[in-house]
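So the chains spell out like this:
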Amino acid sequence: MIAVGAGIAPMIQALTKILFTEGDHTEVILLYGNRSVEDILLREILDRWAVDFGDRFKVVYAVGSRYANVHSGMKTKVKKAGFATTHDA
């Protein structure tokens, strides 16, 4: 399962159904991306579930921006050249 930012909300609903349905033995690994640790929504709940349902649920936090390692000069060059998108350097 993959979620980014506020996209965790519908995943919480799905996880609640999976983890709290008696007889459901579904195993889930959640990859949850955010720009910073402070941006991780519902972290306390996810961490608690990882302990309570450790045999069936794991959460992996991916923190950082895709632009964190982009050289600002490269972004400026691309913008000046009129390209529609930028790419990581």
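Rules used throughout
- Residues numbered from 1 in each chain as written.
- Predicted model: local features only at pLDDT ≥ 70, side-chain atom pairs only at ≥ 80, totals over all residues.
- Heavy atoms only, no water.
- Helix = DSSP H or I, 4+ residues; strand = E, 2+ residues; numbered from the N terminus.
- Contact = heavy atoms within 4.5 Å.
- Core = buried A, V, L, I, M, F, W, Y, C linked by side-chain atoms within 4.5 Å.
- Buried < 20%, exposed > 50% of the residue type's maximum accessible area, 1.4 Å probe, protein only.
- Pairing = 2+ DSSP bridges.
- Right-handed = clockwise from strand over helix to strand, strands pointing away.
- Patch = residues over 30% accessible without salt bridge, like charges linked within 9 Å, V, L, I, M, F, W, Y side chains within 5 Å.
- Areas by Shrake-Rupley, 256 points an atom, 1.4 Å probe, with all protein chains shown as cover.
- Salt bridge = Lys/Arg side-chain N within 4 Å of Asp/Glu carboxyl O.

**Digging into the overall build of the protein chain**
When you go through the protein chain residue by residue, the secondary structure sums to three helices and three strands. Of the regular secondary structure in the protein chain, the N- to C-terminal order runs β-α-β-α-β-α. Put simply, of all contacts in the protein chain between residues at least 6 apart along the chain, 61% involve residues at least 24 apart.

**Some remarks on the nonpolar core**
Among the nonpolar cores identified, the biggest contains 15 residues, and L15, L30, L46 and F57 are the most heavily contacted of them. Within the residue set of this core, elements represented by two or more residues are α1 (8–20), β2 (28–34), α2 (43–52) and β3 (57–63). In terms of residue count, the dominant contributor to this core is α1 (five residues).

**A few points about the pairing of β2**
Of all seven residues making up β2, five are buried, and the element is well covered by its neighbours. With three bridges joining them, strand β1 (residues 2–4) and β2 adopt parallel strand pairing. When the sheet's bridge partners are listed, I2 is paired in β2 with L31. Read from β1 through α1 to β2, the crossover connection turns out right-handed.

**Quick notes on a nonpolar patch on the surface**
A cluster of nonpolar side chains, namely I2, V4, I29, L31 and V60, defines an oily patch on the protein surface of about 480 Å² accessible area. Among the secondary structure elements, those contributing two or more residues to the nonpolar patch are β1 and β2. As for its position among the elements, V60 is in strand β3. Judged by relative accessible area, which is 41%, V60 ranks as partly exposed.

By themselves, these figures tell us nothing about what the structure is for.
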